[in-house]
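# Survey of secondary and tertiary structure
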Amino acid sequence: MLWSGWGDPAKAVDLPGPVRDLLGKLLGVRAPETPAADLAEVRPPAPALPPPVLDELRAVVGPAHVRCDDEARVRHARGRSTPDLMRLRAGDASGAPDAVLLPGSHDEVLALLRICAERRVAVVPFGGGTSVVGGLTAREEARARFTGLVALDLTRLNRLVAVDTESMTAELEPGLRGPQAEELLARHGLTLGHFPQSFEYATLGGFAAARSSGQASAGYGRFDDLVVGMTVATPRGTLELGRAPKSAAGPDLRQVILGSEGAFGVITSLRLRVRPAPQTRLYEGWRFASFTEGTAALRRLAQDGPLPTVLRLSDETETMVGLAGPEGIGGSASGGGCLVVAGYEGAAEEVPLRRERAAGVLAGLGGTPLGAGPGESWAHGRYSAPYLRDCLLAAGATVETLETAAFWSGLPRLYDAVRLALHGALGSPLVMCHISHVYATGASLYFTVVTAQSGDPLAQWEAAKHAANEAIVAAGGTISHHHGVGRDHRAAYAAEIGELGAEILRGIKERLDPQGVLNPGVLIP
Ligand SMILES: Cc1cc2nc3c(=O)[nH]c(=O)nc-3n(C[C@H](O)[C@H](O)[C@H](O)COP(=O)(O)OP(=O)(O)OC[C@H]3O[C@@H](n4cnc5c(N)ncnc54)[C@H](O)[C@@H]3O)c2cc1C
């Protein structure tokens, strides 16, 4: 992973000259004066961890699995939100841990947590490092309350432990990145079907800890739907959860750990629902006259079926910007409106039937078929947008995303409120939106914002994000559909669950992590 950007450095892209000119003319984007910092020049803060504690930690995992070099520390300093990248690009590695620990088993995680609790060392569980909500940056809290800060990098926990083809479940370790997990399951003809845009770098543990949702959620479900069991290491010992798919034995404690963002424990194993790997994949495009009409069509499919595996609707602006790309909708000129991508994955004989029935519904509700072009083009470029963010940042534009969800009846109000808040805070930004996760009762809204960087782009975005968060809360949306709470959404989450809800979370934290060493500052209001 590029240390201050996204993905494979070999796949970095340049902003085409005409796009750069257009950004200058439309949004007033100007190239920043200071170039981005070089990794070799960046210095993390002086480590605070007392050497005898470091020796105790080394004794658990072996000296080779404790990294204290600058590069390892900087690479574990923060996540991948736009403010994270802006700070790193400016050479600010102030969030860096004192050391990076790489445990190789559940028992090692348990032992490390015990030492950290005893010695008052803050611990940040670290999967793929793709958090976009400030889920990995405990430095401020650590400095104030603890003797040191370590990142617990889980990527050595990367095994497929067992496959149960009768129950259609697999036990997998949390440090597996998306492609590694899919490759291991493919050997058994299976898939998880979880493909978020961060798929190539994020890990299974991170998916569970942040309640991730993938692009094919209509067909396979969110990640939390896939989790049937888990093992969790806490400073107080081990939790084994999920001995049956569903149970009436009290509240479901799996749900307490899902979305807990490393604040309650470290997930060291996951038992997940798996599906047969699809024999056929088919993606296509539809055009609707407006976002309102497209939303009505998605609702109908979500409520009455048949559901495609992938279902997404871009609003007018996102559709227009997509059209401005080299291929346009389906590679041809289009009459505007809003693009729907519908994808179907499954058994060879089932996919065409489901596609035909869904196409009937979409056509009946005013959709115009655009053929396979736009669908295939979406599928081809589904992991490439984050690379574009890097070159936009370098060109002087701020580009960031935020997301929420609501019941269908509240969705139009939420859509208007967030757009209004962003325009109010940023002047004339480009605000694009899509729906990409649908349910019988509601859907998510995912916004992408592009604006010219001001003299203080961090403060500029912070103000815009604050305005958007307030608008989401006021309009009755949830503060996150799939990115999680982290630090960035804590205040809005407090408003969402109320003081009693916050007290419950504090109580659980107190029981599982009495010294409060686990990811201090995230989640708990
Ligand atoms: C470009 C980009 C695209 C994205 N697209 C999507 C998307 O389509 N859908 C989506 O849902 N999200 C998306 N995200 C957000 C992010 O990828 C998800 O939140 C993902 O689940 C994080 O996984 P990770 O392994 O990177 O976790 P990390 O970022 O390493 O950690 C996330 C949080 O979980 C905790 N944690 C990690 N592993 C464990 C563990 N084993 N036990 C306990 N706690 C743990 C961490 O302490 C942290 O609080 C995107 C992010 C980026 C940068």
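Now for a look at the structure at hand. (Residues numbered from 1 in each chain as written. Predicted model: local features only at pLDDT ≥ 70, side-chain atom pairs only at ≥ 80, totals over all residues. Heavy atoms only, no water.)

## Regarding the pattern of salt bridges
By the definition in use, this model includes 22 salt bridges. A salt bridge links Arg159 to Glu173, with the shortest nitrogen-to-oxygen separation between them at 2.9 Å. With a gap of 14 residues between them, Arg159 in the loop between β4 (148–153) and β5 (160–164) and Glu173 in the loop between β6 (169–172) and α7 (178–186) connect regions that are remote in the sequence. Note on Arg159: relative accessible area 48%, which makes it partly exposed. Arg389 is the salt-bridge partner of Glu400, the closest N and O atoms lying 3.7 Å from each other. With Glu400 in strand β16 (residues 397–407) and Arg389 in helix α16 (residues 385–395), this residue pair connects regions lying eleven residues apart in the sequence. As far as the burial class goes, Glu400 and Arg389 line up, both buried. One salt-bridge network, held together by shared partners, links Arg211, Arg222 and Asp224. (Salt bridge = Lys/Arg side-chain N within 4 Å of Asp/Glu carboxyl O. Helix = DSSP H or I, 4+ residues; strand = E, 2+ residues; numbered from the N terminus. Buried < 20%, exposed > 50% of the residue type's maximum accessible area, 1.4 Å probe, protein only.)

## Notes on the packing of helix α2 (residues 51–61) against helix α5 (residues 106–119)
Their axes nearest at 9 Å, the elements α2 and α5 cross at an angle of 170°. Overall, the two elements α2 and α5 adopt an arrangement that is roughly antiparallel. In this structure, α2 contributes Val53, Glu56, Leu57, Val60 and Val61 to the contact, and α5 contributes Glu108, Ala111, Leu112, Ile115, Cys116 and Arg119. A class-by-class count of the residues in the contact of α2 with α5 yields eight nonpolar, no polar and three charged. (Axes fitted to C-alpha atoms, helices over the stretch in contact; angles between N-to-C directions. Parallel < 35°, antiparallel > 145°, perpendicular 65-115°, else oblique. Contact = heavy atoms within 4.5 Å. Nonpolar A, V, L, I, M, F, W, Y, C, P; charged D, E, K, R; others polar.)

## Things to note about the site of the ligand
With respect to spatial proximity, 35 residues lie near the ligand, and among them Pro125, Gly127, Thr130, Ser198 and Thr203 are the closest. One of the side-chain N or O atoms of Thr203 is found 2.6 Å from an oxygen atom in the ligand. His482 places a polar main-chain atom, nitrogen or oxygen, 3.3 Å from an oxygen atom of the ligand. When the ligand sits alone it has 970 Å² of accessible area, and the protein chains cover 97% of it. (Near = heavy atom within 4 Å. Polar contact = N/O pair within 3.5 Å; in protein donor to acceptor, adjacent residues only side chain to side chain. Areas by Shrake-Rupley, 256 points an atom, 1.4 Å probe, with all protein chains shown as cover.)

## A look at the packing of aromatic side chains
One pass over the structure, following the stated rule, counts seven aromatic pairs. Relative to Tyr201, the ring of Trp6 has its centre 5.3 Å away and its plane inclined at 75°; by these criteria the two rings are edge-to-face. Separated by 195 residues along the polypeptide, Trp6 in the segment before α1 (17–27) and Tyr201 in the loop between β7 (190–191) and α8 (204–209) bring together distant segments of the chain. By the burial criterion, Trp6 is buried, and Tyr201 matches it. (Phe/Tyr/Trp six-rings, centres within 6.5 Å; stacked < 30°, edge-to-face > 60°.)

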